[in-house]
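Residue-level structure breakdown
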Amino acid sequence: MIEIDAVERRYDGVAVLSEVTLSLPKGGLTAIIGPNGAGKSTLLSVMGRLQKPDAGRVTLQGLELSRASGREVAKKLALLRQDNHTAARLTVRDLVGFGRYPHSRGNPGPEDHAQVTRALATLGLEPLADRFLDQLSGGQRQRAHIAMVLAQDTDCILLDEPLNNLDISHAVRIITLVRDAARQMGKTVVVVLHDINMAAAHCDRIVVMKGGRVLRHGTPAELMQAEFLSEVYETPITVHELAGRLVAVY
Amino acid sequence: MPQPRSPRPRHASLLQPGPVARLLFPFAVLLTLAMGVASLFVGVSHVSPSLIWAEGGSGPATEVLFTSRLPRTLALALAGAGLALAGLVLQVLVRNRFVEPSTVGTTESASLGILLVMLLAPGLPLPARMAVAAAFGLAGTALFLLVLRAVPQRSALMVPLIGLLLSGVIGAVTTFIAYRTDMLQSLGAWSTGDFSVVLQGRYELLWIVAGLVLVTALFADQITVAGLGRDMAIGLGVNHRAIRALGLVLVALLSAAVIVTVGIVPFLGLVVPNVVSLLKGDNLRRTLPLVCLSGAALVMACDIVGRLVVRPYEMPIGLTMGIVGSAAFLWLLTRRRANVA
Ligand SMILES: Nc1ncnc2c1ncn2[C@@H]1O[C@H](COP(=O)(O)OP(=O)(O)O)[C@@H](O)[C@H]1O
Ligand SMILES: [Mg+2]
């Protein structure tokens, strides 16, 4: 589905991504974890064609991102960035509606309206649908942006720290939601997460990054190892089995 | 499906997309029509529907109506709509509420272009003059964006400040050239917005504004998406660069069309889009008609006031607009504190 082939990205000569090679099969929820500055957001930006890699390439369903038409890619891939400070005074419904833009090109049909209604309902945004974004709390705004990405209805979804600003109930709801989308609707979802336990509990695969490199990737069971995680985060971490789950304690 | 009512914050009831916002459009239509009719019949020489009826379609009153009042009213409406729209597009694309063509260098650069035409090719027909003005305006806006990129922006107010500085420099160059070539007086004469000189045969270029409004409407969604930022635009498959370029060309053409026909009308592009944004948000598809209508109505209102206050003389529109505009701008500053950018 997504092939990342020897991608490099430098800022002012400093390598932020080096030799990143990853292959994400269709369907499933992949978490990217790693300490701050590991290059997670940069990798997601490159995967979402917001940045061009300095070397290497990214292909999506056989389509090379840097060559493909922006409009075609927008029908296959949706991306939520880490910080969404949309300054525009749009209503929540309008913002979510713009998620349909790649499909409707400004002429929304019944399918588009249905998708918007569904996305609003899924994120519990109906009571806020006619509010302006600048009248929402950070968490509500985050949910509005996630709803927009869902309305885009793409095979591939990239979310950079989507659980930021969210309370426990909404965080669990959203991670469950994207997991179901991945498992039941065959979508390929990549999320950057801070919470290792969230990643271990809900994701099919975990990619661990540090210093611009992918250290390891595998199933949660393969990666939830105390020694490895302690090394990655440079903090003592122990892993325990609790209620049938692997839980990291730090 | 019944929609649950949203809990609305007390202080923001007017700013909510509620009943007030829904009535805005019909209200704006009525207001614009009322101003249009008033503008036809207010002035030094007496023109009224009954007089024209009595003349039976030919006579001095009818003559005044068709050669002066009607062109003037149309020019006011077109210029008002065009400048308000230019302000709107600029604010959306620059993502700053405090910009308008005259605070980012577009207007001053266009004026410089017109002065150069007057000096070097005085015989150039009006459309060609407008094209030169638009080209200069576009170059000025591009220069502004370049400077903006080079300067770290710590606050939303930095943006118009940089723009005003740049406008000042370009304006100084224009004044200097005009001074050295003895054109200072005529520069002042045509650059001050004035609708009293509009007559049949001298405003028709402004109809370009109507075409530009239509083009903007066609791209409304894409401009709104571009206003959400580069990353958001790319994510939604909108060519951010191309739309930004198109928007800036539209702004330059709109400004140039107004400047070459009636001169500079300040504040309009700032005030109207801001008020509409507060009431109705930033979705261009929804706000564009409202911005154009309100711009037209406001310019007509200011012009009518200018005709009435010092009868039988006239106050130039720049003065009335300046008073109304600066008052409105101060109100906006206090209103916009929370979400300036
Ligand atoms: N625009 C930029 N200019 C220079 N350096 C940057 C820029 N963006 C990110 N970086 C650097 O790249 C590294 C990786 O950043 P990022 O991908 O945001 O990390 P993460 O999301 O894993 O916390 C960091 O060291 C950061 O300082
Ligand atoms: Mg990050």
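Residues numbered from 1 in each chain as written. Chains lettered and ligands numbered in written order. Predicted model: local features only at pLDDT ≥ 70, side-chain atom pairs only at ≥ 80, totals over all residues. Heavy atoms only, no water.

When you go through chain B residue by residue, the secondary structure sums to 14 helices and zero strands. Overall, chain B shows an N-to-C arrangement of helices and strands of α-α-α-α-α-α-α-α-α-α-α-α-α-α. Principal axes of the C-alpha set define a box for chain B whose edges measure 60 × 60 × 35 Å. The buried share of chain B, reckoned over its 341 residues, is 51%. Accessible surface, chain B as shown: approximately 15400 Å² in total, 70% of it carbon and sulfur. Separation of charge centres in chain B, based on 24 positive and 12 negative side chains, amounts to 15 Å. (Helix = DSSP H or I, 4+ residues; strand = E, 2+ residues; numbered from the N terminus. Buried < 20%, exposed > 50% of the residue type's maximum accessible area, 1.4 Å probe, protein only. Areas by Shrake-Rupley, 256 points an atom, 1.4 Å probe, with all protein chains shown as cover. Lys, Arg positive; Asp, Glu negative; His and termini not counted. Charge placed at Lys NZ, Arg CZ, Asp CG, Glu CD.)

Turning to the packing of aromatic side chains, a few remarks are in order. Each aromatic ring pair is characterised by the separation of its centres together with the angle its planes make. Per the stated rule, a full pass over the model turns up zero aromatic pairs over all chains. In this structure, A:Arg89 packs its charged tip against the face of A:Phe132, placed 4.2 Å from the ring centre. (Phe/Tyr/Trp six-rings, centres within 6.5 Å; stacked < 30°, edge-to-face > 60°. Lys NZ or Arg CZ within 6 Å of the ring centre and 35° of its normal.)

Next up on the list: the site of ligand 1. Residues and elements named next belong to chain A. The immediate surroundings of ligand 1 are formed by Tyr-11, Val-16, Pro-35, Asn-36, Gly-37, Ala-38, Gly-39, Lys-40, Ser-41 and Thr-42. A distance of 2.8 Å separates an oxygen atom of ligand 1 from a polar backbone atom of Gly-37. Between ligand 1 and Thr-42 there is a distance of 2.5 Å, counted from an oxygen atom to a side-chain nitrogen or oxygen. Bound to the protein, ligand 1 loses 56% of the 560 Å² it would expose on its own. Each residue belonging to the shell around ligand 1 can be placed in one class, and the counts come to four nonpolar, five polar and one charged. (Near = heavy atom within 4 Å. Polar contact = N/O pair within 3.5 Å; in protein donor to acceptor, adjacent residues only side chain to side chain. Nonpolar A, V, L, I, M, F, W, Y, C, P; charged D, E, K, R; others polar.)

Scored by pLDDT, chain A comes out at a mean of 92, with 100% of its residues at no less than 70. Mean pLDDT across the elements of chain A bottoms out in strand S5 (residues 63-64) of chain A (89) and peaks in strand S8 (residues 188-192) of chain A (96). (pLDDT = per-residue confidence, 0-100.)

What follows deals with the coordination of the magnesium ion (ligand 2). Residues and elements named next belong to chain A. Coordination sphere of the magnesium ion (ligand 2), protein contribution only: Ser-41 (OG) and Gln-82 (OE1), at 2.0 to 2.3 Å. Of this pair, Ser-41 sits in helix H1 (residues 40-47) while Gln-82 sits in the loop between strand S6 (77-80) and helix H3 (92-98), and the two are 41 residues apart along the sequence. Accessibility expressed as a relative area gives 26% for Ser-41, which makes it partly exposed. For Gln-82, a relative accessible area of 30% gives the class partly exposed. (Donors = N, O, S within 2.8 Å, 3.2 Å for Na, K, Ca; no water.)

Residue and element names in this part refer to chain B. Where helix H8 (residues 207-218) contacts helix H11 (residues 240-262), the axes come no closer than 10 Å and their chain directions differ by 160°. On the basis of their axis angle, the class for H8 and H11 is roughly antiparallel. Relative to H11, H8 is oriented so that their crossing is left-handed. On the side of H8, the interface is formed by Val-209, Leu-212, Val-215 and Thr-216, while H11 contributes Leu-250, Leu-253, Leu-254 and Ala-257. Residue classes in the contact of H8 with H11 are distributed as seven nonpolar, one polar and no charged. (Axes fitted to C-alpha atoms, helices over the stretch in contact; angles between N-to-C directions. Parallel < 35°, antiparallel > 145°, perpendicular 65-115°, else oblique. Left-handed = near helix turned anticlockwise from the far one by under 90°. Contact = heavy atoms within 4.5 Å.)

Residue and element names in this part refer to chain A. Taken as a whole, this structure holds 21 salt bridges over all chains when the rule is applied. When the shortest N-O distance is used, the salt bridge between Arg-89 and Asp-134 registers 3.0 Å. In this pair, Arg-89 is assigned in the loop between S6 and H3 and Asp-134 in the loop between helix H5 (110-122) and helix H6 (138-151), connecting sequence segments 45 residues apart. For Arg-89, a relative accessible area of 4% translates into the label buried. Overall, the relative accessible area of 29% leaves Asp-134 in the partly exposed class. (Salt bridge = Lys/Arg side-chain N within 4 Å of Asp/Glu carboxyl O.)

Bringing empty space enclosed by the protein into the picture now. Residue and element names in this part refer to chain B. This structure, assessed with the given rule, holds three cavities of 30 Å³ or more. Size it by volume and the second largest cavity reaches roughly 90 Å³. As for the second largest cavity, its lining consists of Leu-83, Glu-100, Pro-101, Ser-102, Thr-107, Ser-255, Val-258, Ile-259, Gly-263, Ile-264, Val-265 and Gly-269. At three residues, the largest contribution of residues to the lining of the second largest cavity is made by H11. Residue composition of the lining of the second largest cavity, by class: six nonpolar, five polar and one charged. (1 Å grid on protein atoms, 1.4 Å probe; cavity = no way out; pocket = protein on both sides within 12 Å on 5 of 7 lines; lining within 4 Å. Points joined across faces, edges and corners; volume = space filled by probe spheres on them.)

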